[in-house]
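Spelled out from the first residue to the last, the chains are:
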Amino acid sequence: MNGAKGKIIAIYGSVVDVQFQEGGLPALYEVINTSTFDGNEVVLEVVEHHEPNICRCVALNPTYGIKRNSFGYATGKALCVPDGERLYGRVLNVMGKPIDGKGPVEGTETIPIRNPRMASERRKFLDEGSKLTFEIMETGIKVVDLLSPLIKGSKTGILGGAGLGKTILILEIIHNIITKHEGTCVFTGVGERIREGNELYYEFVRTDLLKRSIMIFGQMNESSGARFETAQAGIAIAESVQQKGKEVLFFIDNVFRFAQAGSELSALLGRIPSETGYQPTLMSEISEFHERIRSQEKAGITAVEAIYVPADDLTDPAVVAIFAHLNSTVVLSRDYVQRGLYPAVDPLQSSSGVID
């Protein structure tokens, strides 16, 4: 710890202002620890600096019970999660703490959830066009394999409104791919329902897939800061496994909730929204996240992303921002669901960038 001690001067929902003495201002994305009046620990992450010596922070826990003029202590480091090699079969929260009742994670090695060096690296094999190869990962679902095939190292989006079967389709793809392909599954639950996470966990236990999987959850009942950072923590764990030379299957349910959490934080931070009502940083947040899903010489990350489409409107700005980063899209149709056709994939709206 760098010893800097600040005083909490304001709380706006998930956003907390902490004032420090001259010269002791923590860096951006540094973690500050504080507690509520009844002793519960609250973790804050610095996102903005304001005059005079004020850090505007995002809380990763509920802020109910934090008192004004109580103290916050800078830790001198960014938010970290355990190294992925030690997490097989475990379920974590955004702070890297296990929530599966199996005791603490072994070892002390941790990795920061933000890694600028990794994000700036480009996929080397794209520069060597002659060496570029496409390897299809069969899902066993005919309409997906034919129209929007899953390519190793690609990003596939499953888009649809509420209740069209995105989560069920992802479950089926996880089960079919992991049983057939060697690799590690990193599942990131961002803003999903607790029921869905619970069902997924017990399905993994039942099918014995848990020993090759790592799960990290920031669900609907958690703060917007926790939901936003869970996506970053999930991809950091996937990167750490990739660095060991293992292929990673990265599943995220749901990317729209990641964008939505960013919108909530943006409003709380007082930023003027864009014309469409979303945060002005929507494009950069989505881009920074997707830039980290890439292949290297050692191994690749193959992403399958569930994307909620509000009001079945594919022209929604958040959905359009995500579209730009996908190699394949599987679009689910409400009309097909109403006719009882499952999986409710609309073959005319689904597409793939690798089909020529």
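Residues numbered from 1 in each chain as written. Predicted model: local features only at pLDDT ≥ 70, side-chain atom pairs only at ≥ 80, totals over all residues. Heavy atoms only, no water.

A. Structural context of the overall build of the protein chain. Tallying secondary structure elements over the protein chain gives 10 helices and 18 strands in all. Its C-alpha radius of gyration of 21 Å places the protein chain within 12% of the 21 Å reference for a compact globule of 356 residues. If one aligns the C-alpha atoms of the protein chain with their principal axes, the spans along those axes are about 60 × 45 × 45 Å. Taking all 356 residues of the protein chain together, 54% fall into the buried category. (Helix = DSSP H or I, 4+ residues; strand = E, 2+ residues; numbered from the N terminus. Rg over C-alpha atoms; globule rule 2.2 N^0.38 Å. Buried < 20%, exposed > 50% of the residue type's maximum accessible area, 1.4 Å probe, protein only.)

B. Inspection of the pairing of strand S3 (residues 30–35) at higher detail. As paired strands, S3 and strand S6 (residues 71–78) are joined by 3 bridges and run antiparallel to one another. By the bridge assignment for S6, Asn33 is matched with Tyr73. Bridging between S3 and strand S4 (residues 41–50) involves 5 bridges; their strand directions are antiparallel. Bridge pairing in S4 links Thr34 to Val42. (Pairing = 2+ DSSP bridges.)

C. Here's a closer look at the side chain of Ser148. Within the secondary structure, Ser148 is located in the loop between helix H3 (142–147) and strand S11 (150–151). At 2.9 Å, the side chain of Ser148 forms a polar contact with the backbone oxygen of Thr329. Here Ser351 takes part through its backbone oxygen, which lies 3.3 Å from a polar atom of the side chain of Ser148. With near-sequence residues (within four places) excluded, Ser148 lies in contact with Val143, Ser328, Thr329, Val330, Ser350, Ser351 and Ser352. (Polar contact = N/O pair within 3.5 Å; in protein donor to acceptor, adjacent residues only side chain to side chain. Contact = heavy atoms within 4.5 Å.)

D. Region of the structure containing unusual backbone geometry. The omega torsion of the bond from Glu51 to Pro52 falls at -5 degrees, within 30 degrees of zero and hence cis. Topologically, Pro52 is positioned in the loop between S4 and strand S5 (54–59). The residue Asn69 is not glycine, and still its phi comes out positive at about 70 degrees. Tracing the sequence through the fold places Asn69 in the loop between S5 and S6. At Asp312, a position not held by glycine, the phi torsion is positive, near 55 degrees. One can find Asp312 in the loop between strand S16 (301–308) and helix H9 (317–323). Taking the relative accessible area as the measure of exposure, Asp312 reaches 37% and is therefore partly exposed.

E. Just the pairing of strand S2 (residues 15–19), in detail. Within S2, 4 of the 5 residues are buried, leaving the element largely enclosed by the surrounding structure. One ladder, built from 5 bridges, connects strand S1 (residues 5–12) with S2; its direction is antiparallel. Bridge pairing in S2 links Tyr12 to Val15. Counting the residues in the hairpin turn of S1 and S2 gives 2 residues, including Gly13, whose phi is positive at 60 degrees. By the bridge criterion, 5 bridges tie S2 to S5 in an arrangement that is antiparallel. In the sheet register, Asp17 faces S5, and the bridge partner there is Arg56.

F. Inspection of the packing of aromatic side chains at higher detail. On inspection of all chains with the given rule, the structure shows 6 aromatic pairs. Ring geometry for Phe187 and Phe217: centres 6.0 Å apart, planes at 70 degrees, overall edge-to-face. In this pair, Phe187 sits in strand S13 (residues 184–190) while Phe217 sits in strand S14 (residues 213–218), placing the two residues 30 residues apart along the sequence. Exposure class is identical for Phe187 and Phe217. Each is buried. Ring geometry for Tyr201 and Tyr202: centres 5.2 Å apart, planes at 80 degrees, overall edge-to-face. (Phe/Tyr/Trp six-rings, centres within 6.5 Å; stacked < 30°, edge-to-face > 60°.)

G. The arrangement of the nonpolar core in detail. Of all hydrophobic cores here, the largest spans 55 residues; its most connected members are Ile237, Phe250 and Phe289. Broken down by element, the residue count for this core peaks at 9 residues, all from helix H6 (residues 224–243). With residues near it in sequence (within four places) discarded, Phe250 still touches Val186, Thr188, Gly234, Ile235, Ala238, Phe289, Ile293, Ile301, Thr302, Ala303 and Val304. Counting residues in each nonpolar core, the second largest holds 32 residues, with Met137, Leu171, Ile173 and Tyr201 among its members. (Core = buried A, V, L, I, M, F, W, Y, C linked by side-chain atoms within 4.5 Å.)

H. Spotlight on the packing of helix H7 (residues 255–268) against helix H8 (residues 282–291). Running from N to C, H7 and H8 point in directions that differ by 135 degrees, and their axes come no closer than 10 Å. The angle between H7 and H8 places the two elements in the oblique class. Helix-helix and strand crossings are classified by hand; for H7 and H8 the assignment is right-handed. Contacts between H7 and H8 involve Val255, Phe258, Ala259 and Gly262 from the former and Leu282, Glu285, Ile286, Phe289 and His290 from the latter. Among the residues forming the contact of H7 with H8, the class breakdown is 6 nonpolar, 2 polar and 1 charged. (Axes fitted to C-alpha atoms, helices over the stretch in contact; angles between N-to-C directions. Parallel < 35°, antiparallel > 145°, perpendicular 65-115°, else oblique. Left-handed = near helix turned anticlockwise from the far one by under 90°. Nonpolar A, V, L, I, M, F, W, Y, C, P; charged D, E, K, R; others polar.)

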